[in-house]
Amino acid sequence: MADSVSLQFVSPYAFEAMQKVDVARLAALSDPELRLLLPCLVRMALCAPADQSNAWAQDKKLILRLLSGVEAVNSIVALLSVDFHALEQDARKEQQLRHKAGGSNGESILVSQLQHGLTLEFEHSDPLRRLRLALSELLAIMNKVADSNGEFFLRSSELFESPVYLEEVADVLCILQAELPSLLPIIEVAEALLHVRNGEWFLCLLVANVPDSFSEVCRGLIKNGERQDEESVGGRRRTEALRQLCQMNPSQALNIRAMVVEECHLPGLGVALTLDYKPDTADEAVSPLVSYVSGLLLGTNGKVRTWFSMFIRNGQQRKRESSSVLWQMRRQLLLELVAILPRSRSTHVPNDSDMDSESSSGYSGLREEHVVKASALLRLYCALMGIAGLRPTDEEAEQLLQLMTSRPPATPAGVRFVSLSFCKLLAFPTLVSTPEQEQLMVMWLSWMIKEEEYFESAAGVSASFGEMLLLVAMYFHSNQLSAIIELVCSTLGMKIAIKPSSLSKMKTIFTQEIFTEQVVTAHAVRVAVTNNLSANITGFLPIHCIYQLLRSRAFTKHKVSIKDWIFRQLCETTTPLHTQLLPLIDVYINSILTPASKTNPEATNQPITEQEILNVFQGLAGGDGGKVRSHYTITTQLLILYYILSYEEALLANTKTLALMQKKPKSYSPALMDQIPIKHLIRQAQGLQQELGGLHSALLRLLATNYPHLCMVEDWISEEEVTGTLPLLRKMLLTSSSCKYSQTQLREAFQNVLSGGPRLLRILEHLTLLSAGDLIPYAEALTASMGLLLEDGVSRRILQTVNKLWMVLNTVMPRKLWVMTVNALQPLVKLLRQQKYTQNDLMVDPLIVLRCDSRVFRCPPLMDITLHMLNGYLLASKAYLNAHLKETAEFERQAQTVSNLGLSGQPDTPEVTREELKNALLAAQDSAAVQILLEVCLPSPQEELQLEGGGGPDSLLRSVQSAPGIPMRKQVGDAGAGRGAQREREAEGGLLSDLREVQCLICCLLHQMFIADPNIAKLVHFQGYPQALLPLTVAGIPSMHICLDFIPELLAQPQLEKQIFAIQLLSHLCTQYALPKSLSVARLAISVMGTLLTVQTRVKRFAFFMPTLPCLISFCKAFPPLFDDVMSLLVQVGQVSAADVTTKARDIDPLIARLQYVRQKPQEILLSESKYSLRKRSAEELGRADPDVQLCYQIEATFMDIISSSTQAL
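Conventions we followed
Residues numbered from 1 in each chain as written. Predicted model: local features only at pLDDT ≥ 70, side-chain atom pairs only at ≥ 80, totals over all residues. Heavy atoms only, no water. Helix = DSSP H or I, 4+ residues; strand = E, 2+ residues; numbered from the N terminus. Buried < 20%, exposed > 50% of the residue type's maximum accessible area, 1.4 Å probe, protein only. Contact = heavy atoms within 4.5 Å. Areas by Shrake-Rupley, 256 points an atom, 1.4 Å probe, with all protein chains shown as cover. 1 Å grid on protein atoms, 1.4 Å probe; cavity = no way out; pocket = protein on both sides within 12 Å on 5 of 7 lines; lining within 4 Å. Points joined across faces, edges and corners; volume = space filled by probe spheres on them. Nonpolar A, V, L, I, M, F, W, Y, C, P; charged D, E, K, R; others polar. Core = buried A, V, L, I, M, F, W, Y, C linked by side-chain atoms within 4.5 Å. Axes fitted to C-alpha atoms, helices over the stretch in contact; angles between N-to-C directions. Parallel < 35°, antiparallel > 145°, perpendicular 65-115°, else oblique. Left-handed = near helix turned anticlockwise from the far one by under 90°. Salt bridge = Lys/Arg side-chain N within 4 Å of Asp/Glu carboxyl O. Phe/Tyr/Trp six-rings, centres within 6.5 Å; stacked < 30°, edge-to-face > 60°. Arc of directions from axis to C-beta. Expected span 1.5 Å × (residues − 1). Disulfide = S-S within 2.5 Å. pLDDT = per-residue confidence, 0-100.

**Section: the overall build of the chain**
Move 1: Helix and strand counts for the chain stand at 68 helices and zero strands.
Move 2: Across the 1210 residues that make up the chain, the buried fraction comes to 53%.
Move 3: Contacts in the chain between residues far apart in sequence, at least 24 positions, make up 75% of those at least 6 positions apart.
Move 4: On the chain, roughly 54,300 Å² of surface is accessible, and the fraction owed to carbon and sulfur atoms is 53%.

Now the structure itself:
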């Protein structure tokens, strides 16, 4: 719009005076400036104001005085004297006429006839006709704009083009818009003015005389504007008009720019406004242009990014024009880039001798105040080239390369600048096109390698560009080009499309000239570890480089030891956990166990030594009263624990591969594992799950696999109780964190447990307030004195408190606690021999736990502890044997193969045999433990004598069926109260006894074992156990119903004892579980009994039916439909027995006749007196009668019991 260059526009000073109606400022304006504002000023002076204040009256006088000397005021006053109402009516009629005529300019109501041209008519016309002429022309343009459908046109109009009458036309235009706002909306007038010459000048005058409409006009012009303004003449005219408006009101320029971005229209206008913007306080760091364009391309709004990128791409397709906003932007950016370049930079490439004097001569030194601006410019050019597709000119490429290869000062911003420059070189290698430029780049990369350590130390940052160099070099060596692209995009903070093929030149330079693989590994191991490494430290760190080198097996290939570096880095960690640590440990373990190549099986890394591991955990086991504390962080200890567990698991997983290579890495000794407080560490990790990321879950997985005895469900449940409301109670009751009792005082109190029970109880109650970690120093004193609690007279409350403390300690140090407890509860003979078991002894033979002092079996609190340890060691033994089998299987097979070379007829032992032997051993252990525990449930002779008053020795076992719950014994607070009086009470009430409580504890454990492995239940019942225990086991073990599955198989066994045991077991199960399945098995048992009757000898028949006939009573009681089958069986057995009796010529009652009569008329027999005498006689004669006679009487008694029970049920 060069046609309005010579015209005078409204100055920002004048526009601000109009906005604020500052009369003093208006008075200071020159006559040409004042002339542009006359329409608004005259209307203010003549129209009745809404403001009736004295201040405005004075200002109005000043305005009148200001206007009194201006000649053009009279013509404006004459324009305001016109009847605008009539004028508006004529204008609307003309609009209707034009609408009917299809927009032709034939007949006009506003302008009747033109004798001369429009300009001459305007010159010779009166004010009213001038208004009509201007209004007619303006309406014609507005109508054409409305009908153009967005297509731009330039209307030739004498009225708006004659330089002589521009001011008068502007006055008329302003008066018309002010007086006829409904006919001439200012936004539509503004749109129409864009289609005439000098339109931007008229628009500025119009807005200056209506200053409140500035934002409205600008928003309207932007909304109606093109998405790409430089694509068309209309877009460029619109941009120029808005640019002039913003120059008139610069305070609103940034708001108008925000509108541009919001609407995604006129991108050139946004850039032009940024170029025109002159901030009050210049920002030395980043210029407004860099900030604005970077915000568009690197912001989160994808729509804005695409819109502006299209502006860049379209702008490059046209020829280079100085008037183009895009080229103005590029020129400005280039000027800013050149302004911060070091003064000594040039395309001259110094030789090697020059490099030594670079630091002294200041060669390529980027000034510190320019570093941030240089980084911003680099990111902007990356965005322009990578996102918007900008193709740099030769000049831009040259200057960019000069900037990228500059040497910044050693500051954090300098480190950032070097990283950005390096990534830009990788992203756009086409910037290096000539050999000189390539040599310059190589020298700069060499400088980076040389100065990396100095930069890191001087800048005080953990993540320097040295790690990035190493990482890129490793990626190039392993041909991971996609990883390099991801690294570049991550560092630059933008997603750029980089073709892997474009990195071929850089790959050659890196792998052959700068970083050979041997140089990379040698340099990496010398890089200092990151102090206090955590997830808060971002960027590319040495750990990333070491991880990649370990993955590519570079250290083992070049025989570089990396063990010390990894250990130091693990020791320099803190929370929150860095995400690269766990992958680093995993790949390090893999490099220890798996050789880099099959040809060189010795090419592996060295594992961390046991002594180094012990140093990490020193002081955690509670030695020296627990006062020693490790100086390593909990993060380090957990990582080392993860390393050990993962190493052992990987060692077992790779056994087959290692055996094929005849390589057997050493595993960590059990003694080392015993000194690591695994459970204590896991418990601490549980409270730091958010900060440890996935470490806690990974440790739990490894623990469940390798140490199942540390993952028992009951332990987790008890831990929830310990970590619940107890800490709050502890804080309230425990005023000091240190315990006021020492271990020596605790030992002395235990020695005097009988006489000084209250003191011991007071100490123990105080210990319950301590946390699990604070209890560790007292563990040895507590467990060593457990044997003293087995004496008579020890308070039950003391025993329960010791049990409670033991369970708390079990949450932090279970393995060591178990060993100490087992050794403390040994029989007196073993204690005198000072025989001590180790952790390994107990894992090999878990039954050692049950070889304790027999008094433990009648002390429920200590029996609870013993059962807990037994369950744990049974699980530990399984894990131990599984690991041992995996560890030795492949190596023994390889040894067997080698020894059998050249020998025929000696096949290898099949692997399945080893597995079967292991399973058999485990089953034997479990079943032996169950049998011992069942034997413990039997009352001793002394207990049987005590129980005789309560109904005989079997009364306690049988009472289980009527009261299967676990009763709680009364707590005796008085420490002097012994168990003697308690046992007297136990004799009175059989349920409240130590034996009963022990039985309940054992039944709970057996239930868990049977549920965990039903084969144990099957094996134990095939072995059998005393029949007196069946009421207890069936009623006390909820999982006994699974026996119904294998009772048919047990009945099919040839041994008479197993058949009897199966029927007795089934009778109790039917009573306890009256299920359809029980009914079918009972039917099968009756059928088997009938079959055995036909094949058994006289002796076996007596031995079989005497104990099994009473079981038929339970069958009928549980399942009345079996009555007929049972009766038939009894009759058959009676017939066989009676037949044997008759052969002996003895006179007995006609048994069969009685049985048949009883079967037919049971009610009459029950009502008669003879039944009781018959049964009484049978009982008296039973002991001295012949076996067949005894069997007959037993059959009759069974018959009568069945009838009695059935009729009672009715």
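**A closer look at the layout of surface pockets**
Move 1: Each pocket or cavity is described by its volume, and for the second largest pocket that value is around 760 Å³.
Move 2: In terms of lining, the second largest pocket is formed by 29 residues, of which the most central are Glu648, Tyr707, Ala879, Tyr880 and Ala883.
Move 3: Only α36 (634–653), α38 (670–674), α41 (695–706), α51 (839–844) and α52 (860–899) provide two or more residues apiece to the lining of the second largest pocket.
Move 4: No other element matches the nine residues that α52 contributes to the lining of the second largest pocket.
Move 5: Looking at the lining of the second largest pocket residue by residue, the classes come out as 13 nonpolar, nine polar and seven charged.

**Regarding the nonpolar core**
Move 1: Among the nonpolar cores identified, the biggest contains 245 residues, and Leu245, Phe308, Phe422, Phe510, Ile613, Tyr643 and Ile676 are the most heavily contacted of them.
Move 2: Leave out the neighbours within four places in its chain, and Leu245 touches Leu203, Cys204, Val207, Phe214, Val217, Cys218 and Leu221.
Move 3: Membership of the second largest hydrophobic core comes to 131 residues, among which are Leu847, Leu1056, Tyr1073 and Ile1203.

**Brief notes about the packing of helix α25 (residues 412–427) against helix α28 (residues 481–492)**
Move 1: Contact pair α25 / α28: the axes reach a minimum separation of 9 Å and the direction vectors enclose 135°. Between α25 and α28, the crossing angle belongs to the class labelled oblique. Relative to α28, α25 is oriented so that their crossing is left-handed. Across from Arg416, Ser419, Leu420, Cys423, Leu426 and Ala427 in α25, the residues of α28 making contact are Ile484, Val488, Thr491 and Leu492.
Move 2: Here the contact of α25 with α28 is composed, by residue class, of seven nonpolar, two polar and one charged.

**With respect to the pattern of salt bridges**
Any two side chains of opposite charge can pair if their charged atoms end up close together.
Move 1: The full count for this structure, using the stated rule, is 26 salt bridges.
Move 2: Across the pair Glu167 and Arg35 runs a salt bridge whose closest N-O atoms are separated by 3.4 Å. On the criterion of sequence distance, the pair formed by Glu167 in helix α11 (residues 166–179) and Arg35 in helix α3 (residues 31–35) is long-range, its members being 132 residues apart.
Move 3: Since its relative accessible area comes to 13%, Arg35 is described here as buried.
Move 4: In this structure, Glu612 engages Lys563 in a salt bridge whose closest nitrogen and oxygen atoms are separated by 3.5 Å. One end of the pair, Glu612, is in helix α35 (residues 610–617); the other, Lys563, is in helix α33 (residues 563–571), and 49 residues separate them in sequence. No difference in accessibility class separates Glu612 from Lys563, as the two residues are buried.

**Description of the packing of helix α15 (residues 233–248) against helix α17 (residues 267–276)**
When two helices pack together, their arrangement is given by the angle between the helix axes and the distance between those axes.
Move 1: Put simply, α15 and α17 touch, their axes get as near as 10 Å, and they point 30° apart. Judged by the angle between their axes, α15 and α17 are roughly parallel. Regarding α15 and α17, the two cross each other, and that crossing is right-handed. Here Thr239, Leu242, Arg243, Cys246 and Gln247 of α15 lie close against α17, whose contacting residues are Gly268, Leu269, Ala272, Leu273 and Asp276.
Move 2: When its residues are assigned to classes, the contact of α15 with α17 shows five nonpolar, three polar and two charged.

**Notes on the packing of aromatic side chains**
Move 1: Counted by the stated rule, this structure contains 13 aromatic pairs.
Move 2: Seen in terms of ring centroids, Phe1022 and Phe1046 are 6.1 Å apart; in terms of plane orientation they differ by 50°. Their pairing is tilted. In this pair, Phe1022 is assigned in helix α58 (residues 1014–1023) and Phe1046 in the loop between α59 (1030–1036) and α60 (1047–1051), connecting sequence segments 24 residues apart. This pair shows no difference in class: Phe1022 is buried, exactly as Phe1046 is.
Move 3: Seen in terms of ring centroids, Phe1104 and Phe1105 are 4.9 Å apart; in terms of plane orientation they differ by 90°. Their pairing is edge-to-face. Phe1105 matches Phe1104 in its accessibility class, with the two residues each being buried.
Move 4: A network of ring pairs unites the aromatic residues Tyr588, Tyr643, Tyr647 and Tyr668 as a single cluster.

**Thoughts on helix α6 (residues 73–80)**
Move 1: When we look at burial in α6, the residues that qualify are Val73, Ile76, Leu79 and Leu80. In a view along the axis of α6, the buried residues occupy a sector of 115°, so they form one face of it.

**Remarks on the environment of Leu1109**
Move 1: The residue Leu1109 is located in helix α63 (residues 1098–1118) in this model.
Move 2: For Leu1109, a relative accessible area of 0% gives the class buried.
Move 3: Through-space distance from the C-alpha of Leu1109 to that of Leu1191 is 9.3 Å; in sequence the pair is 82 residues apart.
Move 4: Contact partners of Leu1109, with chain neighbours within four places excluded, come to Leu1130, Leu1191, Gln1194, Ile1195 and Thr1198.

**A few points about helix α64 (residues 1123–1142)**
Move 1: An ideal rise of 1.5 Å per residue puts 28 Å on 20 residues; α64 measures up with 28 Å between its terminal C-alpha atoms.
Move 2: Along α64, the residues classified as buried are Val1126, Met1127, Leu1129, Leu1130, Val1131, Val1133, Gly1134, Ser1137, Ala1138 and Val1141.

**A few points about the environment of Arg759**
Move 1: As for its placement among the helices and strands, Arg759 is situated in helix α45 (residues 757–767).
Move 2: For the pair Arg759 and Gln745, spaced 14 residues apart in sequence, the C-alpha separation works out to 9.9 Å.

**Quick word on the side chain of Gln548**
Move 1: Here Gln548 lies in helix α31 (residues 542–551).
Move 2: Once residues lying within four places of it in the same chain are set aside, the contact partners of Gln548 are Leu471, Met474, Tyr475 and Gln480.

**Some remarks on the side chain of His1021**
Move 1: One can find His1021 in helix α58.
Move 2: With residues up to four places along the chain from it excluded, the contact list for His1021 reads Phe1010, Met1040, Cys1043, Phe1046, Leu1050, Phe1061 and Leu1065.

**Here we look at the state of the cysteines**
Move 1: Counted by the stated rule, this structure contains zero disulfides.
Move 2: As a non-bridged cysteine, Cys174 has Cys40 as the owner of its nearest cysteine sulfur, 8.7 Å distant.

**Details of unusual backbone geometry**
Move 1: Each neighbour pair has its own omega, and for Thr575 with Pro576 the value is -5°, a cis peptide bond.
Move 2: Its location among the elements puts Pro576 in the loop between α33 and α34 (581–593).
Move 3: The phi dihedral of Val21 is positive, around 50°, even though this residue is not glycine.
Move 4: If you trace the backbone, Val21 turns up in the loop between α1 (12–20) and α2 (23–27).
Move 5: Within the chain, Cys264 stands out as a residue other than glycine whose phi angle is a positive 55°.
Move 6: Looking at the secondary structure, you find Cys264 in the loop between α16 (253–263) and α17.

**Section: the confidence of the model for the chain**
Move 1: In this model, the chain carries a mean pLDDT of 79, and residues with pLDDT of at least 70 account for 80%.
Move 2: Below pLDDT 50 for its whole length, residues 951–990 participates in 84 contacts with residues either more than four positions away or in separate chains.
Move 3: This stretch, residues 1169–1180, has a pLDDT under 50; its non-local contacts, to residues over four places away or in other chains, come to 13 contacts.

**Digging into the environment of Leu1030**
Move 1: In this structure, Leu1030 sits in helix α59.
Move 2: The exposure class of Leu1030 is buried, given its relative accessible area of 0%.
Move 3: With 35 residues separating them along the chain, Leu1030 and Leu1065 place their C-alpha atoms 6.5 Å apart.
Move 4: The contact partners of Leu1030, leaving out residues within four places of it in the chain, are Tyr1025, Phe1061, Gln1064, Leu1065 and His1068.

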